[in-house]
Amino acid sequence: MNSVTVLAPATVANVVCGFDVLGFALGAPYDTMTLRLTSQPGVVIINKDDYNLPTEPRRNVAGAALLALLRAVSEPIGFEVEIAKAIKPGSGIGSSAASAAGAVVGANALLDNRFTKAELVEFATYGEEVASGVRHADNIAPCIYGGVTLIRSTEPLDIIPIPAPPLYVTVVHPQIEVKTSDAREILKKQVPLKDAIRQWGNVGGLIAGLMKGDYALIGRSLEDVIIEPVRSILIPGFAEVKRASQEAGALGGGISGSGPSIFMLSQHETTARQVEAVMQSVYHGLGIDFHTYVSTINLEGVRVMPVETEINIPT
């Protein structure tokens, strides 16, 4: 193949109590990216949307990820990538991760899948560094692996896929922007031991609940005593959305990534749709434009669709 199109899904990171270590992939929305293998070394970025993102590879999340991948390739090759983003930058549902992950997965397909998923995550984190200043993988890993993932360690990288029971995800994206770098800047640098202990218990409880299919335990463990109290002040209507969603039957939820999107998990689709309705009601009342999405957890991650013919890679 000399060209592929990839669908790179949105993701939810942190998953309430799992700051920088937990994430899962969504069924919608997703970015569409077309990559072409070229004989000219380097990376060419072509934007097919209206977000006016940088096209200089080192300043573009997809470009930085591809440059990292090319450093591990001996052949004198390059990539041209067209990006049509449906995941709004600054949305809190993994916009930068989708671009970075989609780019390296597509490039790997053009290289006969020579790299492992873990290696692709490493490459893609260079894109996240461009976006937020930190090479975190809690959006990247589920985007590439699909499903729910635990980042046990970043140095060295240790990614653990977590089995989960059927779950429905409702996301509301208020049309305001919260930059990841700004959301990180306001976080406390020190955490009381009692809060850390409570958070550790919730992370362990959430993973156990997912693996056991214990919906009640999942719900009890969706509590964040460290990050949410600080970041939620950046999101109008957050407390009302969370309260109304739980009253509608959601297991629980919170801020998606650094916000402003809010997600809620439900056991049944009917509940997830009711949660969507109350989210819409809150933001209609606030006069803030928004988008909502309802999906299951995406078990596939980035999807690759070949579109052209084979060529020989130059040596």
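Residues numbered from 1 in each chain as written. Predicted model: local features only at pLDDT ≥ 70, side-chain atom pairs only at ≥ 80, totals over all residues. Heavy atoms only, no water.

### With respect to the overall build of the protein
We count it as follows: A helix here means a DSSP run of H or I that spans at least four residues, while a strand means a run of E at least two residues long, and both kinds are numbered starting from the N terminus. The quantity called the radius of gyration is restricted to C-alpha atoms. Its globule counterpart is 2.2 Å times the number of residues to the power 0.38. A simple rule labels every residue: compare its accessible area, found with a 1.4 Å probe on the protein chains alone, to the largest value its type can have, and call it buried under 20%, exposed over 50%, or partly exposed in between. Each accessible area value is a Shrake-Rupley result obtained with a 1.4 Å probe; residue values ignore everything except the protein chains displayed when judging cover. Counted as positive: Lys and Arg. Counted as negative: Asp and Glu. His and the chain ends are not counted at all. Taken as the charge location is NZ of Lys, CZ of Arg, CG of Asp or CD of Glu.
Within the protein, the secondary structure is distributed over 10 helices and 11 strands. The C-alpha atoms of the protein give a radius of gyration of 19 Å, which matches the 20 Å a tight globule of 315 residues would have. Taken along the three principal axes of its C-alpha coordinates, the protein extends 60 × 40 × 35 Å. Per-residue burial for the protein yields a buried fraction of 55% across its 315 residues. Of the roughly 13,400 Å² that the protein leaves accessible, carbon and sulfur atoms contribute 51%. Between the averaged position of the 24 positive side-chain charges in the protein and that of its 32 negative side-chain charges there is a distance of 4 Å.

### Quick look at the environment of Met 33
The condition that has to hold: By definition, residues are in contact when any of their heavy atoms lie within 4.5 Å.
Mapped onto the fold, Met 33 is located in strand β2 (residues 22-38). It is 17 Å that separates the C-alpha atoms of Met 33 and Glu 128, two residues lying 95 residues apart in sequence. Dropping the residues within four chain positions of it, Met 33 is found in contact with Val 4, Thr 5, Val 6, Ala 62, Val 81, Glu 82, Ile 83, Ala 98, Ser 99, Gly 102 and Ala 103.

### Some remarks on the confidence of the model for the protein
For clarity, the cut-off: One confidence number per residue, pLDDT, is output by the predictor and ranges from 0 to 100.
Residues of the protein with pLDDT of at least 70 account for 96%, and the chain-wide mean is 93. This model gives residues 309-315 a pLDDT under 50, and the stretch forms 18 contacts once residues within four places in sequence are excluded.

### As for the layout of surface pockets
What counts, and what does not: Using protein atoms alone on a 1 Å grid, points that fit a 1.4 Å probe yet trap it form a cavity, whereas open point sets bounded by protein on both sides within 12 Å along at least five of seven lines form a pocket; residues with an atom within 4 Å of a point count as lining. Grid points are joined across faces, edges and corners, and a volume is the space filled by probe spheres set on the points. Put simply, Ala, Val, Leu, Ile, Met, Phe, Trp, Tyr, Cys and Pro go in the nonpolar bin, Asp, Glu, Lys and Arg in the charged bin, and everything else, Gly too, in the polar bin.
For the second largest pocket, the calculated volume is near 160 Å³. Together, Val 105, Asn 108, Asn 113, Phe 115, Thr 116, Lys 117, Leu 120, Ile 144, Glu 300, Val 302 and Val 304 line the second largest pocket. Of all elements in the fold, only α2 (95-110) and α3 (117-132) reach the threshold of two or more residues within the lining of the second largest pocket. Looking at the lining of the second largest pocket, its residues break down into six nonpolar, three polar and two charged.

### Points about the sheet that holds strand β8 (residues 252-255)
The condition is simple: The pairing criterion for strands is at least two bridges between them, as found by DSSP. Orientation is described by lines fitted to C-alpha atoms, with helices fitted over the stretch in contact, and by angles between N-to-C directions that extend from 0 to 180 degrees.
Read across the sheet, four strands follow the order β8-β9-β7-β10 without closing on themselves; strand pairing throughout is antiparallel. Sheet topology places β8 and β10 (290-296) at the edges, where each strand pairs with a single neighbour. On average, each strand axis in the sheet is inclined to that of its neighbour by 15°, with strand direction left out of account. Where strand β7 (residues 168-174) and β10 come together, seven bridges link them in antiparallel fashion. Across the sheet, the residue bridging to Val 169 is Ser 295, located in β10. The sheet contacts of helix α10 (residues 269-286) involve β7, β9 (262-266) and β10, and relative to β7 the element is tilted by about 10°.

### A short note on the nonpolar core
Rules: In these notes, a set of buried Ala, Val, Leu, Ile, Met, Phe, Trp, Tyr and Cys residues joined through side-chain atoms within 4.5 Å is what counts as a nonpolar core.
Grouped together as the largest cluster of nonpolar side chains are 72 residues, with contacts concentrated most on Phe 24, Leu 35, Leu 69, Phe 79, Ile 144 and Phe 263. Among the elements that line this core, the one with the most residues is α2, at 10 residues. In this structure, Ala 248, Ile 262, Met 264 and Met 279 belong to the second largest nonpolar core, which totals 15 residues.

### Some thoughts on the packing of aromatic side chains
Here is the rule we go by: Only rings of Phe, Tyr and Trp enter the pairing, Trp through its six-membered ring, and a pair is recorded when the two centres are within 6.5 Å. The plane angle decides the type: under 30 degrees is stacked, over 60 is edge-to-face, the rest tilted. Either the NZ atom of lysine or the CZ atom of arginine qualifies as a charge over a ring when it sits within 6 Å of the ring centre and within 35 degrees of the ring normal.
In total, this model carries three aromatic pairs according to the counting rule given. A ring pair is formed by Phe 24 and Phe 263, whose centres lie 5.8 Å apart and whose planes are at 75°; its orientation type is edge-to-face. Taken together, the residues span a long stretch of sequence, with Phe 24 in strand β2 and Phe 263 in strand β9 at a distance of 239 residues. Ring geometry for Phe 115 and Phe 123: centres 5.0 Å apart, planes at 85°, overall edge-to-face. No difference in accessibility class separates Phe 115 from Phe 123, as the two residues are buried. The aromatic ring of Tyr 145 is capped on one face by Lys 117, whose charged end is 5.6 Å from the ring centroid. Against the face of Tyr 126 rests Arg 135, its NZ or CZ located 3.8 Å from the ring centre.

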